[in-house]
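# Observations on the model geometry
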Amino acid sequence: MEVVVYSTKSCPWCVKAKSYLDSLKVSYESVDVGSNKEAAREIVEKTRQQGVPVIKVGERYIVGFDQNAIQGALKEAELI
């Protein structure tokens, strides 16, 4: 999967990020870092951040819900 959304169940910005991807008709894998500690460690190692959402597009990580950054990464990856 080229797009992965790392999130938690209680994160309102994670819901917004997933809704945004849905609105663009972009398929993604959703990983709950609240219950998946290995994934949580992985995103901290890769981003040096502990916040969610983290959206991975290809090899690019976007921390937080930043529509412009997400859209740019999706265009770069030719997913939209």
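Rules used throughout
Residues numbered from 1 in each chain as written. Predicted model: local features only at pLDDT ≥ 70, side-chain atom pairs only at ≥ 80, totals over all residues. Heavy atoms only, no water. Pairing = 2+ DSSP bridges. Helix = DSSP H or I, 4+ residues; strand = E, 2+ residues; numbered from the N terminus. Axes fitted to C-alpha atoms, helices over the stretch in contact; angles between N-to-C directions.

Pairing is mixed across the open sheet formed by 4 strands, whose spatial order is 2-1-3-4. Edge positions in the sheet fall to strand 2 (29–32) and strand 4 (60–63), since each has one partner strand and no second. Adjacent strand axes in the sheet meet at a mean angle of 20 degrees, parallel and antiparallel pairs treated alike. For strand 1 (residues 3–7) and strand 2, the ladder comprises 4 bridges, and the chain directions are parallel. Directly across from serine 7, in strand 2, lies its bridge partner aspartate 32.

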